[in-house]
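Each chain, written out:
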Amino acid sequence: MRFIYTIGIWFYGFGVHVAALFGHHNARLMLRGWHHWGEELKKLDGRPVVWFHAASLGEFEQARPVLESYTEQHPEQQVLLTFFSPSGYEVRKNYPKAQAICYLPPDLPITVRCFTKRINNLQAAFFVKYDFWFNYLAALKRRGVPTYIFSAIFRPSHYFFKSWGRWFLRQLRDCYTHLFVQNEESLRLLREHGVEHCTLAGDTRFDRVHQIAVAAEGNEVVERFLEGHKGKVLVCGSTWPPDEALIAKLRIENLELRIILAPHVINEEHLKQIETLFPDSIRYSQFSILNSQFPRVLIIDNIGMLSKLYRYADVAYIGGGFGVGIHNILEAVTFGKPVLFGPNYHKFQEAHDIIARGGGWSHSTTDELVAHLTPLLTDGDAYRRASQACTEYMEDNLGSTDKILKTIEA
C-alpha cells in the first residue's frame with residue numbers, strides 16, 4: 001500500500017509541475033517553494049528544533065496557540081514551520097516566532113530522506129487537524145521523534161475506517177505518539193479501531209479566536225464609517241459571489257442596515273463586481289477618515305483585518321456556504337455575535353453546535369435569510385438570547401491548548 005500511496009503523491013507532484021507550466025499561480029509558488037526549502041533550513045543552528053506543520057493559513061491559526069505556548073515553555077528550541085499551501089506560506093512566511101519557514105517538500109521517500117536529514121536535533125513534530133503525510137510519519141518514527149496531531153477530527157466515512165484503509169489506520173496507530181481529537185465521535189472511532197493513545201482535547205481554534213478578540217483594537221476608518229449610524233450593522237466575512245448576491249437583495253428589506261463586507265477573494269475584477277451589486281458602497285482603502293459621505297456598504301479590500309472587525313457587528317454573515325463550505329464562524333462567535341451562513345456547513349462541528357444552541361442559523365434563499373435575520377435586528381430579547389448562546393459556547397470550549405501541552409509534558 002505504501003507503494004501505491006507514493007505513486008499517488010508522485011502523480012500529484014507531476015500535476016503541480018504541469019499546472020505551473022500553464023501559468024497556474026499557486027502551482028508556480030509551490031514549485032518554487034519545493035526547490036528552495038534547503039536554503040531555509042540553513043537558518044537552523046545546532047540548537048534543538050521543534051517542527052510544526054500546517055496545511056494552510058486556517059490550520060496555522062489553529063496551530064498558533066500550541067506553537068506559541070510550547071515555545072514559551074521551551075525557549076531553548078528553534079521552530080521550523082512548514083506549509084503545504086501558498087495560502088499559508090505566502091501570508092505567514094515572515095512569522096517572527098519561527099526560525100525557519102518553508103513549503104513542505106512532496107511526501108516522496110527521496111525528498112523525505114533529504115528533508116529530515118537536514119533537521120538536526122529534532123525534539124518533536126506537530127501536525128494539525130487532518131494533514132497526514134505517511135512517508136514523513138514513517139521517517140519520524142524511525143528517528144524516534146515524538147510526533148503529535150491535534151485538533152484532529154475523524155468521521156466514519158474516512159478512508160481509515162474502510163476495508164481497504166487498514167494500512168492507513170495502522171500508520172495512524174503506529175506512527176503518532178499521541179492524537180488529540182476535537183470530539184467524542186472521533187475518540188470513539190479511534191478506540192473502536194484499536195488506536196488507544198488518543199485524548200479528547202477539543203479544538204484549539206477556540207483559544208486562538210479568543211486571543212484575537214482579547215487583543216483586538218479599534219479601527220478608526222470603520223468607526224468613522226459607522227459614526228452617527230443609529231441602525232444595525234451586518235459584518236459579512238469571507239464572502240463569495242453567491243453570498244454577495246443574497247446580501248444585495250437583503251438590503252431592500254433592511255434599509256437601515258449598514259454592511260461591512262470582506263470578500264474572500266480580493267482582486268480588482270471581484271471588487272468591481274461587488275461595487276456593481278452595491279452602488280452606494282466604498283472601498284476601505286478609499287474611505288478617508290475625513291470623508292463627508294456615508295455610504296451604506298464598506299468593502300474591505302485588504303487581508304488580515306476581518307477577525308477584528310466582527311466586534312462592530314450586531315450580526316455576522318459567514319461566507320462560503322454556497323460553495324465548498326463555510327469559513328470560520330468562531331471569529332464572530334467569540335465576540336458574542338449571532339452568525340448566519342449558507343447550506344454547506346455539515347462538515348463543520350462548530351456550525352452544528354451553534355445552531356443547536358440557538359446562536360446561528362443556516363439559509364438557502366433570501367427569504368430564509370430575512371426570516372432568520374429580522375428577529376435579531378428587531379427583537380432585543382431574541383438577540384440577547386442568541387448572543388448569550390454564542391458567549392457560553394466559547395466559554396465551554398476554551399482550554400484545548402492547555403490540555404494538549406499538559407498531556408505532552410506528562
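My aim in this report is to walk through the structure given alongside it, one point at a time. (Residues numbered from 1 in each chain as written. Predicted model: local features only at pLDDT ≥ 70, side-chain atom pairs only at ≥ 80, totals over all residues. Heavy atoms only, no water.)

1. A short note on the overall build of the chain
- Counting secondary structure elements, the chain contains 18 helices and 14 strands.
- Here the C-alpha atoms of the chain give a radius of gyration of 23 Å, agreeing with the 22 Å that 2.2 N^0.38 yields for 410 residues.
- For the chain, the spread of C-alpha atoms along the principal axes amounts to about 65 × 45 × 40 Å.
- Across the 410 residues in the chain, those meeting the buried criterion constitute 55%.
- The long-range fraction of contacts in the chain, counting pairs at least 24 apart against all pairs at least 6 apart in sequence, stands at 66%.
- Total accessible area on the chain stands at roughly 18700 Å², and carbon and sulfur atoms take up 53% of it.
- Charge-centre separation for the chain: the mean point of 44 positive side chains lies 7 Å from the mean point of 44 negative side chains. (Helix = DSSP H or I, 4+ residues; strand = E, 2+ residues; numbered from the N terminus. Rg over C-alpha atoms; globule rule 2.2 N^0.38 Å. Buried < 20%, exposed > 50% of the residue type's maximum accessible area, 1.4 Å probe, protein only. Contact = heavy atoms within 4.5 Å. Areas by Shrake-Rupley, 256 points an atom, 1.4 Å probe, with all protein chains shown as cover. Lys, Arg positive; Asp, Glu negative; His and termini not counted. Charge placed at Lys NZ, Arg CZ, Asp CG, Glu CD.)

2. Quick look at the layout of surface pockets
- By volume, the second largest pocket amounts to about 150 Å³.
- Around the second largest pocket, the lining residues are Ile-9, Trp-10, Gly-13, Phe-14, His-17, Trp-34, His-35, Trp-37, Pro-105, Pro-106, Leu-108 and Thr-111.
- Looking at the lining of the second largest pocket, the elements with two or more residues in it are helix H1 (2-21) and helix H2 (25-41).
- Looking at which element gives the most residues to the lining of the second largest pocket, the answer is H1, with 5 residues.
- Across the lining of the second largest pocket, the residue classes break down as 8 nonpolar, 4 polar and no charged. (1 Å grid on protein atoms, 1.4 Å probe; cavity = no way out; pocket = protein on both sides within 12 Å on 5 of 7 lines; lining within 4 Å. Points joined across faces, edges and corners; volume = space filled by probe spheres on them. Nonpolar A, V, L, I, M, F, W, Y, C, P; charged D, E, K, R; others polar.)

3. Some thoughts on the packing of helix H15 (residues 349-357) against helix H17 (residues 380-397)
- Put simply, H15 and H17 touch, their axes get as near as 9 Å, and they point 130° apart. The angle between the axes of H15 and H17 places the two elements in the oblique class. Once H15 is placed against H17, the crossing between them reads as right-handed. Listed contacts from H17 to Glu-350, Asp-353, Ile-354 and Arg-357 of H15 are Ala-389, Cys-390, Glu-392, Tyr-393 and Asp-396.
- Taken together, the residues of the contact of H15 with H17 break down into 4 nonpolar, no polar and 5 charged. (Axes fitted to C-alpha atoms, helices over the stretch in contact; angles between N-to-C directions. Parallel < 35°, antiparallel > 145°, perpendicular 65-115°, else oblique. Left-handed = near helix turned anticlockwise from the far one by under 90°.)

4. Notes on the sheet that holds strand E5 (residues 147-152)
- Taken in spatial order, the 7 strands make up an open sheet running E3-E2-E1-E4-E5-E6-E7, and their pairing is parallel. In the strand order of this sheet, the two ends are held by strand E3 (100-103) and strand E7 (198-200), each with one partner. Direction aside, neighbouring strands of the sheet carry axes that sit 20° apart on average.
- Two strands pair when backbone bridges link them, and strand E1 (residues 49-54) and strand E2 (residues 78-83) are joined in this way by 6 bridges, in the parallel orientation. (Pairing = 2+ DSSP bridges.)

5. Structural notes on the sheet that holds strand E9 (residues 258-263)
- Reading across the sheet, the 7 strands line up as E10-E11-E9-E8-E12-E13-E14 and stay open at both edges, with parallel pairing between neighbours. Each edge of the open sheet is held by one strand with a lone partner, namely strand E10 (281-283) and strand E14 (360-362). Pairs of neighbouring strands in the sheet enclose a mean axial angle of 20°, with direction left out of account.
- Two strands pair when backbone bridges link them, and E9 and strand E11 (residues 297-299) are joined in this way by 3 bridges, in the parallel orientation. Within the sheet, the bridge partner assigned to Leu-261 lies in E11 and is Ile-299.
- The sheet contacts of helix H12 (residues 268-277) involve strand E8 (233-239), E9, E10 and E11, and relative to E10 the element is tilted by about 155°.
- Packed on one face of the sheet, helix H16 (residues 366-378) meets strand E12 (315-318), strand E13 (339-341) and E14 and runs near 155° to E12.

6. A closer look at the packing of aromatic side chains
- Applying the stated criterion across every chain, the model contains 38 aromatic pairs.
- Clustering of aromatic rings is evident, with ring pairs tying together Tyr-5, Phe-132, Phe-134, Phe-154, Tyr-159, Phe-160, Phe-161, Trp-164, Trp-167, Phe-168 and Tyr-176.
- Positioned above the aromatic ring of Phe-225, the side-chain terminus of Arg-258 is 5.3 Å from the ring centre. (Phe/Tyr/Trp six-rings, centres within 6.5 Å; stacked < 30°, edge-to-face > 60°. Lys NZ or Arg CZ within 6 Å of the ring centre and 35° of its normal.)

7. Examining the environment of Lys-347
- As for its position among the elements, Lys-347 is in the loop between E13 and H15.
- Along the primary structure Lys-347 and Gly-325 are separated by 22 residues, whereas in three dimensions their C-alpha atoms are 7.7 Å apart.

8. A look at the nonpolar core
- Judged by nonpolar contacts, the single largest core of 44 residues is most densely connected at Trp-51, Phe-115 and Phe-154.
- Setting aside anything within four residues of it in sequence, one finds Trp-51 in contact with Leu-80, Thr-82, Leu-104, Phe-115, Leu-122, Ala-124, Ala-125, Phe-126, Phe-127, Tyr-136 and Leu-140.
- In terms of nonpolar packing, the next biggest core, distinct from the first, is built from 37 residues, Tyr-312, Ala-313, Ile-329 and Leu-330 among them. (Core = buried A, V, L, I, M, F, W, Y, C linked by side-chain atoms within 4.5 Å.)

9. A closer look at helix H8 (residues 184-192)
- Among the residues making up H8, those that are buried are Ser-186, Leu-187, Leu-189 and Leu-190. Projected down its long axis, H8 shows its buried positions confined to an angular sector of 165°, all on one face. In H8, the exposed positions that point more than 90 degrees away from the buried face belong to Glu-184 and Glu-192.
- In this structure, the buried residues of H8 make contact with E5, helix H7 (166-175), strand E6 (178-181) and E7.
- Remark: Gly-194 follows H8 within two positions and exhibits a positive phi of approximately 85°. (Arc of directions from axis to C-beta.)

10. Section: a nonpolar patch on the surface
- Together, Met-1, Phe-3, Ile-4, Ile-7, Trp-10, Phe-11 and Phe-14 make up a nonpolar patch on the protein surface, roughly 770 Å² of accessible area in all.
- With respect to the helices and strands, Trp-10 occurs in helix H1. (Patch = residues over 30% accessible without salt bridge, like charges linked within 9 Å, V, L, I, M, F, W, Y side chains within 5 Å. Salt bridge = Lys/Arg side-chain N within 4 Å of Asp/Glu carboxyl O.)

Shape is all these values report; function is a separate question.
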